[in-house]
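Chain by chain, the residues:
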Amino acid sequence: MHAGDAFNRNLLMPELKGNICSLRKVTHSDRDIITRWENNPEFWPVTETPGPFTTDDIKAFIESCRDLQKDGQERWMILSDSGRILGCLDLFEYNSSAQKAGIGILIAEKSDRNQGIATDALITVIRHLRDQKLLKVLSCLIFPENTPSIRLFRGVGFEAVSEVEFKGRKTISFELRL
């Protein structure tokens, strides 16, 4: 084994361990799967994606979402116990003075949903953020018709704080105080 092999393997190792899933920060090896997700029109109504992304767009995104304090955003890949990538969790719109960030989650395959994976991933990241004392508030916007997401975020302690308009649509703003 070359020294570089050990380094690359360490990049793929989980950084956060939940009860049923693990999370690790995004790497360039995730480019193809992220491109597939970001360019899947099925997800666009929830993510408000404006249209397809190029491979270069995704490469630039990966470069810009590894460190919450430095980049203002951070993407975690959600992994099964066998190491299969199930989805991702994003922290974004980091505001250091308010110690606040937005949060979003995707479990990509329908067959992987409703199995507690998203709940476990959220709880694991929330625990990590509390331990780091980096944030005081997490927030998310959810469309009222997205009842699975509303149930998910309420289930881990988020509370509805207001109704707001987002890109011309009514959304519910949720917050969790850490």
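First, a word on scope: everything that follows refers to the structure included in this document.

Rules of the game
- Residues numbered from 1 in each chain as written.
- Predicted model: local features only at pLDDT ≥ 70, side-chain atom pairs only at ≥ 80, totals over all residues.
- Heavy atoms only, no water.
- Helix = DSSP H or I, 4+ residues; strand = E, 2+ residues; numbered from the N terminus.
- Buried < 20%, exposed > 50% of the residue type's maximum accessible area, 1.4 Å probe, protein only.
- Polar contact = N/O pair within 3.5 Å; in protein donor to acceptor, adjacent residues only side chain to side chain.
- Contact = heavy atoms within 4.5 Å.
- Phe/Tyr/Trp six-rings, centres within 6.5 Å; stacked < 30°, edge-to-face > 60°.
- Lys NZ or Arg CZ within 6 Å of the ring centre and 35° of its normal.
- Expected span 1.5 Å × (residues − 1).
- Core = buried A, V, L, I, M, F, W, Y, C linked by side-chain atoms within 4.5 Å.

Topic: the side chain of Asp30
Within the secondary structure, Asp30 sits in the loop between β2 (22–25) and α2 (31–38). Note on Asp30: relative accessible area 0%, which makes it buried. Engagement of the side chain of Asp30 in a polar contact is seen with the side chain of Arg24, the distance being 2.7 Å. Excluding its chain neighbours within four sequence positions, the residues that come into contact with Asp30 are Arg24, Lys25, Ile62, Met77 and Ile85.

Describing the packing of aromatic side chains
Applying the stated criterion to the full structure yields one aromatic pair. Between the aromatic rings of Phe153 and Phe158, the centroid separation amounts to 5.0 Å while the plane-to-plane angle is 90°, which identifies the pairing as edge-to-face. In this structure Phe158 comes out as buried when scored by relative accessible area, which is 3%. In this arrangement the basic side chain of Arg169 is found over the ring face of Phe143, its NZ or CZ atom lying 3.6 Å from the centre.

A short note on helix α6 (residues 117–132)
The terminal C-alpha atoms of α6, which comprises 16 residues, lie 22 Å apart, in line with the 22 Å expected from a rise of 1.5 Å per residue. Looking only at α6, the buried set comprises Ile117, Ala118, Asp120, Ala121, Leu122, Thr124, Val125, Ile126, His128 and Leu129.

Focus: the nonpolar core
Residues Leu23, Ile78, Leu89, Ile103, Leu138 and Phe158 are the most contacted members of the largest nonpolar core, which totals 33 residues. When contributions to this core are tallied by element, the ones reaching two or more residues are β4 (73–79), β5 (85–95), β6 (100–107), α6, β7 (137–142), α7 (147–155) and β9 (169–177). Per-element tally for this core: the top contributor is α6, with seven residues. Counting residues in each nonpolar core, the second largest holds twelve residues, with Val26, Ile33, Ile34 and Leu106 among its members.

So far we have only geometry, and geometry alone does not tell us how the molecule works.
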